[in-house]
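# Understanding the architecture of this molecule
Here is how the chains run, residue by residue.
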Amino acid sequence: MSEINKLKIFNDPIYGFIIIPNALIYDLIQHPYFQRLRRISQMGLSYLVYPGANHTRFHHALGCMHIMQKAVDVLRFKGVSISPEEENALYIAILLHDIGHGPFSHAMERSIVEDVHHEEISLLFMNQLNIEFEGQLSLAIQVFQGDYHRKFMLQLISSQLDMDRMDYLKRDSFYSGVAEGNVNSERLIQMMNVVDDVLVIEEKGIYSVEKFLMSRRLMYWQAYLHKTSLVAELILTKVLKRAKELTEKGIILHCSEPLMFFMQHKITIETFDSENLDLFSQLDDFDIISALKSWQKHDDFILSSLSKMIINRDLLKIKVSDEKVPTEDLHVLKDRFALENNITLAETNYFIFKGKIKNQAYSKEAEPIRILKKDKSIEDVVEASDQLNLKSLSKFVTKYYICFPKQLV
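Presented here is an overview of the structure given in this document.

The rules behind each value
Going along each chain's sequence as written, the residues are numbered from 1 onward. Local features in this predicted model are restricted to residues whose pLDDT is 70 or higher, and side-chain atom pairs enter the listing and the counts only when it is 80 or higher, whereas totals over whole chains, interfaces and linings include all residues. As a rule here, side-chain values come from all non-hydrogen atoms in the structure, and water together with hydrogens is ignored. By definition, a salt bridge exists where a carboxyl oxygen of Asp or Glu is found within 4 Å of a side-chain nitrogen of Lys or Arg. Under the scheme used here, helices are H or I runs from DSSP no shorter than 4 residues and strands are E runs no shorter than 2 residues, and both carry numbers assigned from the N terminus. Burial classes: relative accessible area under 20% of the type maximum marks a residue as buried, over 50% as exposed, and values in between as partly exposed (1.4 Å probe, protein chains only). To estimate the expected span of a helix, subtract one from its residue number and multiply by 1.5 Å. Here a residue-residue contact requires only that any non-hydrogen atoms of the pair lie within 4.5 Å. Arc definition: it is the arc formed by the directions from the helix axis to the C-beta atoms. Any two strands with at least two DSSP bridges between them are considered paired. Only C-alpha atoms enter the line fits that serve as axes; for helices the fit covers just the stretch in contact. Angles between N-to-C directions range over 0 to 180 degrees. Put simply, angles under 35 degrees are roughly parallel, angles over 145 are roughly antiparallel, angles from 65 to 115 are roughly perpendicular, and the rest are oblique. Crossing chirality is assigned from the near helix's rotation relative to the far helix, an anticlockwise turn below a right angle marking it left-handed and a clockwise turn marking it right-handed. A 1.4 Å probe that fits but cannot get out identifies a cavity on a 1 Å grid over protein atoms alone, an open set with protein on both sides within 12 Å along at least five of seven lines counts as a pocket, and a residue lines either if it has an atom within 4 Å of a point. Grid points are joined across faces, edges and corners, and a volume is the space filled by probe spheres set on the points. Amino acids outside the nonpolar list (Ala, Val, Leu, Ile, Met, Phe, Trp, Tyr, Cys, Pro) and the charged list (Asp, Glu, Lys, Arg) are all regarded as polar, and Gly is one of them.

### Focus: the pattern of salt bridges
Taken as a whole, this structure holds 20 salt bridges when the rule is applied. Measuring nitrogen to oxygen at the nearest pair gives 3.2 Å for the salt bridge that ties Lys406 to Asp314. Residue Lys406 is found in the segment after strand E9 (397-404), and its partner Asp314 is found in the loop between helix H15 (301-311) and strand E5 (317-321); the two are separated by 92 residues along the sequence. Owing to a relative accessible area of 42%, Lys406 belongs among the partly exposed residues under this scheme.

Next up, the structure:
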């Protein structure tokens, strides 16, 4: 295929036309590792709440690359020197930043591949691709890891105001229909600048930053931490844990080979070799859904009950409050459920449990969002803003939940 033929265009419902800038990016998008992202949902099980939220990590990665192109154009226009090699490294790093996500995004990290985070797997994928593409990803990996001397490049990929957040808020808001999350990424990008190799937002963009942080807070409560999405993800985590437990006892479960491999083996970041990576690259949402469909009919009461809950969207009851849930409330429910279903008290932990969720729209501990004032001084957005609510946005808000079967109400 000629180089010209690789300069394709994607039609995106949010940005319109997304242009593939060069043949290398085209070949990365075409790679099976990246095509797998078409089968990983961006918002996990949120489609059980918002029926339109069926978009994928593939959409999101392309969107991030598109707005990175816009950011590079704006910064160059303002006199920031970005070489063609650095430009390409930024596109590759943002395109591949989520390539390590497992099925339904975060549920795998807490159940099957327990102690390995998706960022670490993304890096493993990037290193493997770098071998296949004969070192053409080296600079992108350096930037992604924060090892490159130009700090603003990492900030564009991973910070409190990065291309990743700008795209997912806008995209998730669009597909879910939660209008509060819609951010003006175009305006934010136009206001970007670089001072001493650090990313700043010009003062006249401060209201756009405030709106961005407020949108992030609202999206977390209304979408990402919506109680039904939360309970569905918790159930999925429990299903996978139970499946792993049964597998360890030698009970054969029907599922795909890659899923079976990760249930039979404890994989750590140290043992995550290229063979394991290849198997992981074959895992997607479809493996999990087809396993759940099969496990609905399993003899094990816990596995079948939890699998049915997700397949039929007949979930556990979840109550969220500002107060901690008393442990004795749990004991009463567990005793009753164990008796009614002839299971042990330990087994009731799969159905009755409590926990907490935290939301912080802006972290003072992390790298700040810097505002470039008209007098050329630089200030943290919280200090520069005249909005009192920004100070409250940097506080942790904690809520407590309890989950239990509906028949115990």
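Anyway, onward from the coordinates.
### Brief notes about helix H5 (residues 118-132)
A rise of 1.5 Å per residue sets the reference length of H5, with its 15 residues, at 21 Å; its end C-alpha atoms lie 21 Å apart and thus fit the reference within 8%. Taken together, the buried positions of H5 are occupied by His118, Ile121, Ser122, Leu123, Phe125, Met126, Leu129 and Asn130. Each element contacted by the buried residues of H5 is listed here: helix H1 (23-30), helix H2 (32-35), helix H4 (84-95), helix H6 (138-144) and helix H13 (274-280). Positive phi appears at Glu134, one or two residues downstream of H5, with a value of about 50°.

### Digging into helix H16 (residues 327-341)
If you check H16, its first and last C-alpha atoms are 21 Å apart, about what 15 residues at 1.5 Å a residue would give, namely 21 Å. Among all positions in H16, only Leu330, Leu333, Lys334, Phe337 and Ala338 are buried. The arc that holds the buried residues of H16, viewed along the axis, is 130°, so those residues lie on one side. Residues of H16 that are exposed and point more than 90 degrees away from the buried face comprise Glu328, Val332 and Leu339. Among the structural elements, H15, strand E6 (353-359) and E9 are those in contact with the buried residues of H16.

### Observations regarding the environment of Ile157
Checked against the element boundaries, Ile157 lands in helix H7 (residues 151-157). With 92 residues separating them in the primary sequence, Ile157 and Met65 have C-alpha atoms 10.0 Å apart. The residues contacting Ile157, other than those within four sequence positions of it, are Met68, Leu90, Ala93, Ile94, Val143, Phe144, Asp162 and Asp164.

### Observations concerning the sheet that holds E6
An order of E5-E9-E6 is seen for the three strands of this open sheet, with the pairing classed as antiparallel. Taken across any chain shown, the strands that pair with only one partner, and hence form the sheet edges, are E5 and E6. Put simply, the sheet's adjacent strands are angled 25° from each other on average, direction ignored. Bridging between E5 and E9 involves five bridges; their strand directions are antiparallel.

### Points about the packing of helix H3 (residues 57-77) against helix H8 (residues 163-176)
Relative to each other, H3 and H8 sit at 130°, their axes nearing to 9 Å. The angle between H3 and H8 falls in the class oblique. In the crossing of H3 with H8, the sense of the turn from one axis to the other is right-handed. When H3 is examined against H8, the residues His59, His60, Gly63, Cys64, Ile67, Met68 and Ala71 are found in contact with a partner set consisting of Met163, Asp164, Met166, Asp167, Tyr168, Arg171 and Tyr175.

### Some points on empty space enclosed by the protein
Applying the stated criterion across every chain yields a total of two cavities of 30 Å³ or more. In this model, the largest cavity occupies a volume close to 90 Å³. If you tally residues by element for the lining of the largest cavity, the top one is strand E4 (residues 198-202), at three residues. When its residues are assigned to classes, the lining of the largest cavity shows six nonpolar, three polar and two charged. Of the volumes computed, that of the second largest cavity is approximately 40 Å³. Split by residue class, the lining of the second largest cavity holds five nonpolar, four polar and one charged.

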